[in-house]
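# Summary of structural features
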Amino acid sequence: MSTAKKYLSLIKFSHTIFAMPFAIIGFFLGVMWLRAPGEQASVGLFFKEKWYLFLLVILCMIFARSAAMAFNRYLDRSFDAKNPRTAVREIPAGILKADRVLWFTIINSLLFVICTYFINSICFYLSPIALAVVLGYSYTKRFTPLCHLVLGLGLSLAPIGAYLAVTGRFDLLPILFSFAVIFWVSGFDIIYALQDEEFDKNNDLYSIPSVLGKKKALRVSELLHVLSATCVIIAGFIGQFGWLYWGGIAVFAGMLFYQHSIVKPNDLRRVNLAFMTANGIASVVFAVFVVIDLFVHHYQTINP
């Protein structure tokens, strides 16, 4: 249990709260909303026949994210050791050995690919591309300030990947949710990166704050969050969702506004509150409202 806790701490397992709710949204979109013409099978029947599919989607999320976080910690271990804020992380602090973290990355990557094999062929064929994105992010801070967008791209695979697991095809609505995740994650990652502005400058690392400064970086973050809210609003109209969905948008947008209200260029004391609490509430509450709305719509469809 002690070793398990070390690895859970390494990968910040609690941060799964960001992308996992959007994966669940993508899954239920596939199950209950955009079904093939003439298909009106109940949700209960779907889970009776394919309950394992939901489990595989959750496992894919866990394995892919664990591999990405572990690889990031492995690759950045020398920088983490220099940075007072990150020197307490598992590798620089000597809690875990670097080679074991690398093996942890490899094992989770293989488990991810194996899970996609048991889902369907399109998920299996696309799994190397997904891994390339989530693992490749760790290199981007070395050559581009757009690294935040690459991180957003990695997490944005959650809704479209879960939807593909159910339907085996691409559709506009889950793609809109994926774009919402890109802009949302990129925006709050910029806020988080404000803490390392000077460190990044001094160590030839790239980020929006290190290139533009704190004030302009926050403006970029605000723009990205406006784009994120716009995507979920457009999805609401295209998907013809009910009032529960719009209630979820109100909470989601409210949390975006809240985090920008408590983080200022000259006051970063509440960055962690904005990063973890506000965004955790935004994703979980929004997902709950969306899924309930989907259930309501589904049962109204099969029981008019």
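Here's what I pulled together on the structure shown here. Keep in mind the model is a prediction, meaning the values are calculated, not measured.

## A word on the overall build of the protein chain
Within the protein chain, the secondary structure is distributed over 13 helices and zero strands. For the protein chain, the N- to C-terminal ordering of α and β elements is α-α-α-α-α-α-α-α-α-α-α-α-α. Relative to the globule expectation of 19 Å for 304 residues, the C-alpha radius of gyration of the protein chain, 20 Å, shows essentially globular dimensions. Expressed as lengths along the three principal axes of its C-alpha atoms, the size of the protein chain is roughly 65 × 40 × 35 Å. Of the contacts made within the protein chain by residues no fewer than 6 positions apart, 75% connect residues no fewer than 24 positions apart. Approximately 14200 Å² of the protein chain is accessible, and the part contributed by carbon and sulfur atoms is 68%. One way to put it: in the protein chain the 25 positive side-chain charges average out to a point 4 Å from where the 16 negative ones average out.

## Remarks on a nonpolar patch on the surface
A cluster of nonpolar side chains, contributed by W103, I106, I107, L110, L111, I114, Y117 and F118, occupies part of the molecular surface with about 840 Å² of accessible area. If you trace the backbone, W103 turns up in helix 5 (residues 98-117). Exposure remark for W103: the relative accessible area of 56% places this residue in the exposed category.

## Looking at the nonpolar core
Ranked by internal contacts, the top residues of the largest apolar core, which has 89 residues, are F177, Y245 and F286. With 15 residues, the single largest contributor to this core is helix 3 (residues 43-75). Aside from chain neighbours lying at most four places away, what touches F177 is F22, I25, L29, P159, V232, A235, Y245 and F286.

Rules used in this analysis
Residues numbered from 1 in each chain as written. Predicted model: local features only at pLDDT ≥ 70, side-chain atom pairs only at ≥ 80, totals over all residues. Heavy atoms only, no water. Helix = DSSP H or I, 4+ residues; strand = E, 2+ residues; numbered from the N terminus. Rg over C-alpha atoms; globule rule 2.2 N^0.38 Å. Contact = heavy atoms within 4.5 Å. Areas by Shrake-Rupley, 256 points an atom, 1.4 Å probe, with all protein chains shown as cover. Lys, Arg positive; Asp, Glu negative; His and termini not counted. Charge placed at Lys NZ, Arg CZ, Asp CG, Glu CD. Patch = residues over 30% accessible without salt bridge, like charges linked within 9 Å, V, L, I, M, F, W, Y side chains within 5 Å. Salt bridge = Lys/Arg side-chain N within 4 Å of Asp/Glu carboxyl O. Buried < 20%, exposed > 50% of the residue type's maximum accessible area, 1.4 Å probe, protein only. Core = buried A, V, L, I, M, F, W, Y, C linked by side-chain atoms within 4.5 Å.

Any link to function would need more than the numbers given here.
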